[in-house]
Structure formats: structure tokens, C-alpha cells
Amino acid sequence: MIDWTRFRELVVLTGAGVSVASGLGTYRGKGGLWERAGVAQEATADCMQQDPWRCWKFFQPLMEEALKAEPNPAHLALAELEKKFRGEFLLITQNVDGLHRAAGSTKLAEIHGNLLRRRCSSSGCALIPFEERSFPSDLPLCPLCGSAVRPDIVLFGEQLPLHESHLAKKALRTVDLFIGVGTSGTVQ
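Residues numbered from 1 in each chain as written. Predicted model: local features only at pLDDT ≥ 70, side-chain atom pairs only at ≥ 80, totals over all residues. Heavy atoms only, no water.

Caption draft 1: Broad picture of the confidence of the model for the protein. Of the residues in the protein, 92% reach a pLDDT of 70 or more, and the chain-wide mean stands at 92. Least confident of the elements in the protein is helix 1 (residues 39-42), whose mean pLDDT is 79; most confident is helix 5 (residues 99-103), at 98. (pLDDT = per-residue confidence, 0-100. Helix = DSSP H or I, 4+ residues; strand = E, 2+ residues; numbered from the N terminus.)

Right under this line is the structure:
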């Protein structure tokens, strides 16, 4: 049993294994998403720039699964731990399914983004990322600049979002308890 009162700063890192009980697959495990044909071409920043609808279509099955999924006991337990922990707390997730937020986690860094959020593909656009709980029937366009709207996730060839990366690095500098759950630990 962990004596939570002994710790001032807690960081929890979660990966796809946390969402398996919600019916979602892993990325790197047997049968994982990254074994699917096309991942090297379609889950990339280049594909989003050159053929955004092709990139959208690649993520359609994953988005549809995420839309059906519900938080499981692990998501709920971590949200409850956040509420009860008396010190500094940060949940860093590699998951893009939005289930930690749905479970009630608020001190959260979604370092790979969230499939249920959208943003403009133009880096200079002022469109604020927004939640969207349905898959588009056609390529969505930005109401401000006309560029393609894209899933708010990190694609291969892109950097982690600055804000989330900063939160994670800052928390990891002073943490006195780190817990990793459901992650292979092979992602930088």
C-alpha cells in the first residue's frame, strides 16, 4: 500500500494499455494500430499537408472506436487519485482517446493530442482547437482561413505540443513519485 502523504509531487504517465479495458487496442502490441498497412504514409505530417482527407480516413476507425469507448476503472481511479492527492499532481498521457478527461481528470497533459479535438492545419490561424464528437463526411475547412481542419493529434514528423511538453518536463524535474501505467516505455 502506498502512503500518499509521503510525497509532495506525483506524476503519472499512461499509455494505450490503460484504455484496453475500454475496448481500445494498443499501438505497438500484437495487432496494434502501427501494424496496419499505410501507417508510414498516412499517419504523417506530410500526408496531412499533401492529402488531408487521406490522413483523416486513416484515423477514421480509431476515432469511431474512441467515440464509443467509456472510461474504465483505471481512468476513474486516476481521476479520483488526482482529487485526493494533497500535493502537486500531473497526469501525462500518450493516449489520444480523451478517456482521462471523460473520467474527470483535469491536471492533464495529452502529449500526443486528442482525436476528439480539431484544429486548423495552418500554423498561423487563430482558430481555437475545439471538440468534435463525430467523424466528418467530407474534408472540414477552417471557418477563419479556409485551410483544412485536422485532428488535434501529433502525427509522425511533428513535434510534441509546446504547452504539454513544457508541463511534463517541468513536473518531471521536481517529482518525488513517478508512476507509469499501460505504456511500453519505448516512445521518447
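There is more to say, and it comes next.
Caption draft 2: Local environment of the sheet that holds strand 4 (residues 113-120). Taken in spatial order, the three strands of this open sheet run 5-4-6, and their pairing is antiparallel. Looking at strand neighbours, the two that pair on one side only are strand 5 (130-131) and strand 6 (149-153), the edges of this open sheet. Helix 3 (residues 52-68) contacts strand 4 and strand 6 of the sheet and is inclined by roughly 130 degrees relative to strand 4. (Pairing = 2+ DSSP bridges. Contact = heavy atoms within 4.5 Å. Axes fitted to C-alpha atoms, helices over the stretch in contact; angles between N-to-C directions.)

Caption draft 3: The nonpolar core, seen in detail. One finds Cys55, Phe59, Met63, Leu115, Ile153 and Leu155 to be the most contacted residues of the largest nonpolar core, which totals 15 residues. When residues of this core are traced back to their parent elements, those giving at least two are helix 2 (45-50) and helix 3. Once residues within four sequence positions are removed from consideration, Cys55 is found in contact with Glu42, Thr44, Cys47, Met48 and Leu155. Among the nonpolar cores identified, the runner-up in size contains 10 residues, and Val12, Leu78, Phe89 and Leu108 belong to it. (Core = buried A, V, L, I, M, F, W, Y, C linked by side-chain atoms within 4.5 Å. Buried < 20%, exposed > 50% of the residue type's maximum accessible area, 1.4 Å probe, protein only.)

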